[in-house]
Amino acid sequence: MHRRILVSTTVLGLGVVVTLWTIHTWTRTAPTETPLERTAPPIRSATSTGSDSPPPQVRVHERDDPGRSPLADPLGATDGTIAGDMRVLEDVLSNYRLALGANPWGANAEIVAQLSGSNRRAHAPLPADHHAIDSEGRLLDRWGTPFFFHALDARTMEVRSAGPDRELYTPDDVVHTPGADRRPD
Amino acid sequence: MNTATRNLSRRAFLKRGACAALGTTGLLSTLAQLRVLAAGVSGQSAFSVSSGDYKALVCVFLYGGNDANNLVVPYEQQAYDNYARSRSILALPRSDVLPISPLGGGSYAFHPAATGLQTLFNERRLAVLANVGTLIAPVTRADYRSGSAALPAQLFSHSDQSVQWQMALPDSSRKIGWGGRVADLMASLNENEQISMAVSLAGINTWQAGNQTVVYPVSHDGVVGIDMLEREWVDPVRKDAFTGLLELERRNLFERSIAGSTSRTIENNRLIAAALDQTPPPNTPFPETELGRQLRMIARLARIGPTLGFRRQIFFASMGGWDTHDGQIDAHSELVGELAAAFLAFNRATVEYGIEDKATVFTASDFGRTFSTNGKGSDHGWGNHHLVMGGAVQGGRIFGRFPELIVNGPDDTGQGRWIPTTSVDQYSATLARWFGVDASNLPELFPNLGNFASSDLGFMS
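Structural notes, computed from the coordinates. Bear in mind that the values here come from a model prediction, so they are computed numbers and not experimental data.

**Observations concerning the overall build of chain A**
Here is step 1 of the chain: If you tally the helices and strands in chain A, you get three helices and three strands.
Here is step 2 of the chain: When the helices and strands of chain A are listed from N to C terminus, the series reads α-α-α-β-β-β.
Here is step 3 of the chain: Counting every position in chain A, which comprises 185 residues, the buried fraction comes to 35%.
Here is step 4 of the chain: Considering only contacts within chain A whose residues lie at least 6 apart along the sequence, 41% involve residues at least 24 apart.
Here is step 5 of the chain: Counting only carbon and sulfur atoms, one obtains 58% of the accessible surface of chain A, whose full area is about 12,100 Å².

Here it is as C-alpha cells:
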C-alpha cells in the first residue's frame, strides 16, 4: 500500500515538475513585445544613400488622408492601357481581399464604395476621389463606360470593360478575372 | 508581448477552441440523438410519418441565377405596363405570355415557352413561391440602405449564393446542406440504410451533404459502376482477383474502410441496377434534354424506392446556363422551355407510376436577376420566384408577396434587385415538414427560422 502511494506521489511530482519546466521554457523563449506602431522603417534621407545621385521619389500618404493608397493611381492614366488597368484593378481587389478576407460585393457603385473605405476596417485601396469614378460613384473604364463586375465567388471577381465601342458583350470587350491565373492570396 | 499577455492569449485560444468544438458538434450530436429517438420510439416518434409510406423530395437547381422576372409576369394591364416600362428591352410582349388565374386572386402569366408550367398550374399541380431568397432575418429597404441589416455574406456572388441556398444557413461557413441535415435525421426510417437516401443526378452538391449522409451519384442512364467490373472483355480472372482483394482481412483501418465502401458500392450498384431492370421506363415521353433525362431517371428511382427498402429519398438534379448577362431573351426562352417540358413529363410519369402525391419537386437558384437591364441581359439579383410541383402541393396558387415591380420602389435594394420577402429557411422548412420532420425539430435544422413570422408557408398539404 505504502509502495503504491510512493509511486503515485512520485509520478504526480514528476508531472508537476515537467509542467512547470514547460511553462518556464515557453515564457522564457517568448518573443519580446514589438508594438506595431514602432515597426515603421525610418525614412531614408538623401545623405544616407552615400552617393551623389538624387534621392528616389517616394510617395508618402498625406497625413490628412490616412486611408489613401496610391495603388490605384495608374488606373485610367492617359499613357496606360486597358490591360494595365486590369492589372491595377486586380491588385486593388487583391489588396482588399487581404484586408477584408473576401471581395467587395454588389454592383459597380456598391463595390466602389467598399473599395473606397465603406467597409468594417475603413480600408481604401481605391481613393474615393479617384478620377475614374463618376458622379454616381461608378468606376469607369478608359472609354468612359462603367466597368462590369461579375462576382463568381467570394475571391474571384471577373471584370469586364465594354471596350472602345462602349457596349457590353461585344467582341471588343476586355475581360479579366483577378486571381484566376495566380496563387490564391 | 509580455508573459501575461501571452498566457491570456493561450487561455483565449483554448476557450475559443472549446467553443468552436462545441459549436461544430452541437448540431451533429443533436441530430444523432434525434435519429436514435426516431429509431427507438414508434407512435410518438420525432417524425410525423406512418409505416409503409414513401416520399421523395426532388431539388432542381438552376445554376447561374434564373430571371424569374420573366418566368412569372404581371398580366393585369396597368401592372403589365409598369413591368414593360421598367424592363425595357427584356420585356416580353403581353400578347405572347401565357395567362394564369391564381386561386388567391391576381392576374399573372408565364413565359411564352412555359406551356408545361401553365398546364400544371391550371391543373393545380404547380404553385409559385414569390420573391424567395437567402435571409438571416427580415430586411427592409431602409435597413438595407442604411447598412443596419444583417445580410448573408457575399450577396450576388454565384458560388456563395448557390451554397447558401443549398445550406439554408446563410451565416455559416459549414458546407452542410439542409437536404443532408434532413436525411441525417430521417435515414433510420429507411429499412435500407446501406444505400444512401441522397441520390444525385447532377454530381456532388452541398444540398445533400449531411454530417452522416453522403451523396450517391447516379447518371441519367442508371448507376455508375466500377469500370473494370462492367466491361465484358476484361478477363474474369482479374475480376475475381479484384473482388477477392476486397474480401481480404485488413488491419489498417483506412484500407478496411476503402475496401468496405468499394464493396458496398458494388453491391448497391447491383441492387439498384437489378431493380431498374425489373421496372420498365415510363411510357410518358420525356424531352431528350439534360434535365429531361435526369428527371426520367429520378422518376424511375422513386418508383423502385420502396422496393429497395426506402421510405424517404432525396434527389438532386440541375440545369446550368441561367447566368444570362447577354442575349437573355433567346437564351432564357430556351432554358424555360426545357424546364417546363421536363416538369410536365415528370408529373405525368409520377401519375403513371401512381406516386404523384409522394414526389414533390421544387426549384432553387443562386439568386434572381435585376429587373433593370445591363444591355441585352440582366445582372445578379437577390429575391426570386420559385416553383413547387406535385400531387401534395397546393397548386394553382401564388404564395408569398409578389414584389412591387418598381426600380427604387419599396422592394428594391436599388437597380431592381428585389429584397426577399420569404426566406429560403421558410421555403425549406415547409418542404421538410411535408417530408415528415416534426415542427419541434425545425429550429434545430433551420437555426434562423425563428427570425421569421411563419415556419409553414402553407403550400404543402
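**Things to note about the nonpolar core**
Here is step 1 of the chain: Judged by nonpolar contacts, the single largest core of 110 residues is most densely connected at Val60(B), Phe110(B), Trp178(B), Leu295(B), Leu301(B), Phe343(B) and Phe346(B).
Here is step 2 of the chain: Element by element, the count of residues in this core is highest for helix H11 (residues 328-353) of chain B, at ten residues.
Here is step 3 of the chain: For Phe110(B), the contacting residues outside a window of four places in its chain are Leu71(B), Val72(B), Val97(B), Leu98(B), Ile100(B), Leu117(B), Gln118(B), Phe121(B), Leu126(B), Val128(B) and Leu387(B).
Here is step 4 of the chain: Membership of the second largest hydrophobic core comes to 23 residues, among which are Val92(A), Val112(A), Leu126(A) and Val159(A).

**Remarks on the sheet that holds strand S3 (residues 174-176) of chain A**
All names here are of chain A.
Here is step 1 of the chain: The three strands are arranged S1-S2-S3 in an open sheet whose pairing can be described as antiparallel. A strand with exactly one partner marks an edge of an open sheet, and here the two such strands are strand S1 (148-153) and S3. Across the sheet, the axes of successive neighbouring strands diverge by a mean angle of 15 degrees, strand direction being ignored.
Here is step 2 of the chain: Two elements, S1 and strand S2 (residues 156-161), share five bridges in a ladder whose sense is antiparallel. Paired with Asp 153 across the two strands is Thr 156, which belongs to S2.

**Describing the pattern of salt bridges**
Here is step 1 of the chain: Scanning the model with the defined rule gives 17 salt bridges over all chains in all.
Here is step 2 of the chain: Where Glu136(A) meets Arg138(A), a salt bridge forms, and the shortest distance between an N and an O atom there is 3.5 Å.
Here is step 3 of the chain: The exposure class assigned to Glu136(A) is exposed, which follows from its relative accessible area of 54%.
Here is step 4 of the chain: Under the relative-accessibility criterion, Arg138(A) is labelled partly exposed at 27%.
Here is step 5 of the chain: One salt bridge in this structure joins Arg401(B) and Asp411(B), with 2.7 Å as the shortest N-O distance.

**Observations concerning the side chain of Asn347(B)**
Here is step 1 of the chain: Within the secondary structure, Asn347(B) sits in helix H11.
Here is step 2 of the chain: When sequence neighbours within four positions are dropped, the list of residues in contact with Asn347(B) reads Leu120(B), Arg125(B), Glu356(B) and Met389(B).

**Here's the deal with the packing of aromatic side chains**
Residues and elements named next belong to chain B.
Here is step 1 of the chain: Enumeration according to the criterion identifies 20 aromatic pairs over all chains in this entry.
Here is step 2 of the chain: Here the aromatic residues Trp 165, Trp 178, Trp 207, Phe 316, Phe 362, Phe 399, Tyr 427, Phe 446 and Phe 459 are joined through ring pairs into a cluster of three or more.
Here is step 3 of the chain: Above the plane of the ring of Tyr 75 lies Arg 94, whose end atom (NZ or CZ) is 4.1 Å from the centre.
Here is step 4 of the chain: The ring of Phe 435 has Arg 312 lying over it, and the distance from NZ or CZ to the ring centre is 5.6 Å.

**Some details on the sheet that holds strand S3 (residues 98-100) of chain B**
Pairing between the strands of a sheet comes from backbone hydrogen bonds, and it takes one of two forms, parallel or antiparallel.
All names here are of chain B.
Here is step 1 of the chain: Read from one edge to the other, the open sheet built from three strands follows the order S2-S4-S3, with strand pairing classed as antiparallel. The sheet terminates laterally at strand S2 (72-74) and S3, the two strands that pair on one side only. Adjacent strand axes in the sheet meet at a mean angle of 40 degrees, parallel and antiparallel pairs treated alike.
Here is step 2 of the chain: Pairing between S2 and strand S4 (residues 108-110): three bridges, direction antiparallel.

**What about the packing of helix H10 (residues 290-304) of chain B against H11(B)?**
Residue and element names in this part refer to chain B.
Here is step 1 of the chain: One way to put it is that H10 packs onto H11 with a least axis distance of 9 Å and a crossing angle of 20 degrees. When the axis of H10 is compared with that of H11, the two are roughly parallel. The element H10 and its partner H11 pack so that their crossing is right-handed. Residue-level inspection shows Glu 290, Leu 291, Gly 292, Leu 295, Ile 298, Ala 299, Arg 300 and Arg 303 of H10 in contact with H11, the latter providing Glu 338, Leu 339, Ala 342, Phe 343, Phe 346, Ala 349 and Tyr 353.
Here is step 2 of the chain: Within the contact of H10 with H11, the residues separate by chemical class into ten nonpolar, one polar and four charged.

Procedures and definitions
- Residues numbered from 1 in each chain as written.
- Chains lettered and ligands numbered in written order.
- Predicted model: local features only at pLDDT ≥ 70, side-chain atom pairs only at ≥ 80, totals over all residues.
- Heavy atoms only, no water.
- Helix = DSSP H or I, 4+ residues; strand = E, 2+ residues; numbered from the N terminus.
- Buried < 20%, exposed > 50% of the residue type's maximum accessible area, 1.4 Å probe, protein only.
- Contact = heavy atoms within 4.5 Å.
- Areas by Shrake-Rupley, 256 points an atom, 1.4 Å probe, with all protein chains shown as cover.
- Core = buried A, V, L, I, M, F, W, Y, C linked by side-chain atoms within 4.5 Å.
- Pairing = 2+ DSSP bridges.
- Axes fitted to C-alpha atoms, helices over the stretch in contact; angles between N-to-C directions.
- Salt bridge = Lys/Arg side-chain N within 4 Å of Asp/Glu carboxyl O.
- Phe/Tyr/Trp six-rings, centres within 6.5 Å; stacked < 30°, edge-to-face > 60°.
- Lys NZ or Arg CZ within 6 Å of the ring centre and 35° of its normal.
- Parallel < 35°, antiparallel > 145°, perpendicular 65-115°, else oblique.
- Left-handed = near helix turned anticlockwise from the far one by under 90°.
- Nonpolar A, V, L, I, M, F, W, Y, C, P; charged D, E, K, R; others polar.

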